[in-house]
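These are the residues of each chain, in order.
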Amino acid sequence: MNGTIIETKNLTKIYNGKIKAVSDLNLEIKEGEIYGLAGPNGAGKTTTINMLITRISPSGGTATVGGFDIGKNSLEVRKLIGVVPQDFTADEDLTGRENMMMVSQFYNVPKIKAQENCRNLLKLVELEEAADRLVRTYSGGMRKRLELIIGLVHEPKILFLDEPTLGLDVQTRIQMWNYVKEIQKRLNVTIILTSHYLEEIDELAARVSIIDHGKVLITGSPADLKTSLKGDIITITLSDEKSAQLMKTVPGALEVKDMGQNTVKIKVVNADESLPNIINFISQHELSTVRLTVQKPTLDEVFLEYTGRSIREEDGGSDARKLAINMRRARQ
Amino acid sequence: MSGLGPLTVRELKKWVRNPTFFVTNLIQPIFWIALFGSAFDITKFFPQASSYVLGGAPNYITYIVGGVLTTMGLFTAMFAGTQIIFDRRLGPMGRFLSSPIRRSSIVFSKILSSVIRIMPQVVILIVAAYLIPNGLKFVHGFTVLDVLVLVTAIVLVSFIFSSIFSVIATRMTNMNSIFGIVNLVNLPLMFVSYAMFSPAMMADWLANVAKYNPVSWSAEAIRMVIINGNLTTAQWTQVGQWLGGLAILAAGLLALTAYLVEKEIRD
């Protein structure tokens, strides 16, 4: 359960001799875990995945997947893995089931076994009724679900999920998360998940690497990363200036900031433990509060801490967008 | 782990399920033989010389059946590569490239399925040519061996041109580029050959160039067995040379395709 199943050493990819998409990337992924790769568009997540699934070859460095070198033993690597790429890959002119059966033949799965796998997987993502319809009649969410199980039809040991919920509505996204958890639990596969939705990584991944400009900035469990920021933030607005001044003397705070307008921002190690003390302090001094909010750090804050900017800003940033477009072009 | 089987079945399913694609494919041979057979029949202008011009064929339809069959193979084969671009644009290529299949099987499935699609067209064309008035006549009979020559020639021509156009397609991302190339070369390949006209009807330079066109080799080989039925040893040697040339070219191009595709097919 705890062996290393994927390891990269200084993995590098340069497109067209100038666009450095991935640069000296080092990862170590353990068997059976869900491992997240988080980062903005153009950070190098998909390029990393494409190298690990042997769809493109690296410009430098090495990587092993399931003990096989991605360069020398690419065929062995491909036998071990299942892939759910960012884009749709199913043939629209075939039915969902036909797509699955075709892919199962690529892996020489015996027909009876393949049929059984198809039935179980279709049931898992609730696509049984649509299974024998042409894929072109599917909705976007249905196609994503189909992609998810096409990657599993040959019972791979390792599953790569590249932005599995990109472009889906919130409800469907949560539904996809449940399917992914269910798959990991039932099939005991190692899952490598990329996403620029940090809440998705937080929800699913046991460990995560934050990637930016093709490099790993930090690796750890989402909980550890958030704790490493040392600070839940409690914001209290009081009824008058005097109370606000008094509030600033509350004991046990890491940092206290006067935000003006009778508002005090208190940074504590853990809000769950500090909040009772703060409430006691308020009642002891008979302060009257107007508003009290508790903000626990999300991975967004972690991202901000390590990259110096927000992942959301990055989405709209013109440089990053240009880089992402260039990389997409270079890949074609 | 070749993937050739499932991928070829996929292509054929797409063909049979698309009524427009399927039906037009099957009607096309009837159109071609009926139209070409009368449009290009210039023997009516000099009836006395027709036997010389047609190399012993009793009429023009009998003469051009070999040419029309070859041209049909050629045209179908030239489009074999277009599906590669569709697969890349619509996504399935990503799935194929991350599967443990030989990369060449992706391209060979297009080539093989286009060859299979040509076969019913061949049958329909021959039946249509036989049924139309003053149509195909087997004056000296037609043996199983002759059928074999006919099928071999068309299969080889299909392999040759589908290989060439598939390799071109693996390097292209835009559908219009491949259509442009097909349109540029299809009519020259057809008319700079003995598919529709005998060398006697051509300008000298044209006849000389056409000699090196594989379309001519196939058309002439099929023509030889259709017109003569039981061939003499000398005629068999000639047919052997044509088929041999086609086979060497096809084998070379298929090997080259396999080599280039394994190395270079991209997403």
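Residues numbered from 1 in each chain as written. Chains lettered and ligands numbered in written order. Predicted model: local features only at pLDDT ≥ 70, side-chain atom pairs only at ≥ 80, totals over all residues.

### Quick word on the domain arrangement of chain A
The assigned domain composition of chain A is domain 1 (4-226 + 304-331) and domain 2 (230-295). Placing a centre on the C-alpha atoms of domain 1 of chain A and another on those of domain 2 of chain A gives a separation of 43 Å. (Domains from an automatic or database assignment.)

### So, the pairing of strand β13 (residues 263-268) of chain A
Residue and element names in this part refer to chain A. Of the two faces of β13, only the one carrying Val 264, Ile 266 and Val 268 is buried; Thr 263, Lys 265 and Lys 267 on the other face are not. When strand β11 (residues 232-238) meets β13, the two strands line up antiparallel, connected through 6 bridges. When the bridges of β13 are listed, Thr 235 appears paired with Lys 265. As judged from the 5 bridges shared by strand β12 (residues 255-260) and β13, these two strands associate in the antiparallel manner. Following the sheet pairing, Glu 255 is matched in β13 by Lys 267. The antiparallel hairpin formed by β12 and β13 contains 2 residues in its connecting segment, where Gln 261 sits at a positive phi of about 50°. (Buried ≥ 20, exposed ≤ 12 C-beta atoms within 10 Å, placed from the backbone. Helix = DSSP H or I, 4+ residues; strand = E, 2+ residues; numbered from the N terminus. Pairing = 2+ DSSP bridges.)

### A closer look at the nonpolar core
Residue and element names in this part refer to chain A. Core analysis: the largest hydrophobic core is formed by 139 residues, its most contacted members being Ile 149 and Phe 160. Those residues in contact with Ile 149 that sit more than four places away from it in its chain are Met 100, Leu 121, Leu 122, Leu 124 and Val 125. Residues Ile 234, Leu 238, Ile 266 and Val 268 belong to the second largest nonpolar core, which totals 11 residues. (Core = buried A, V, L, I, M, F, W, Y, C linked by C-beta atoms within 7 Å. Contact = placed C-beta atoms within 7 Å.)

### Notes on helix α5 (residues 82-90) of chain B
Residue and element names in this part refer to chain B. For α5, every residue scored as buried is listed here: Gln 83, Ile 84, Ile 85, Asp 87 and Arg 88. Contacts from the buried residues of α5 go to α1 (4-17), α6 (92-97), α7 (103-131), α8 (144-170) and α9 (175-191). Downstream of α5 by one or two residues, Gly 91 has phi in the positive range, about 115°.

### Quick notes on the sheet that holds strand β4 (residues 60-65) of chain A
Residues and elements named next belong to chain A. The 4 strands lie next to each other as β2-β1-β4-β5, forming an open sheet whose pairing is antiparallel. Across the chains shown, the open sheet's two edge strands, defined by having one partner strand only, are β2 (19-30) and β5 (68-69). Two strands pair when backbone bridges link them, and strand β1 (residues 4-15) and β2 are joined in this way by 8 bridges, in the antiparallel orientation. Looking at β2, one finds that Ile 14 is bridged to Lys 20. Strands in contact with helix α1 (residues 45-52) are β1, β2 and β4; relative to β1, the strand with the most contacts, it is inclined by about 115°. (Axes fitted to C-alpha atoms, helices over the stretch in contact; angles between N-to-C directions.)

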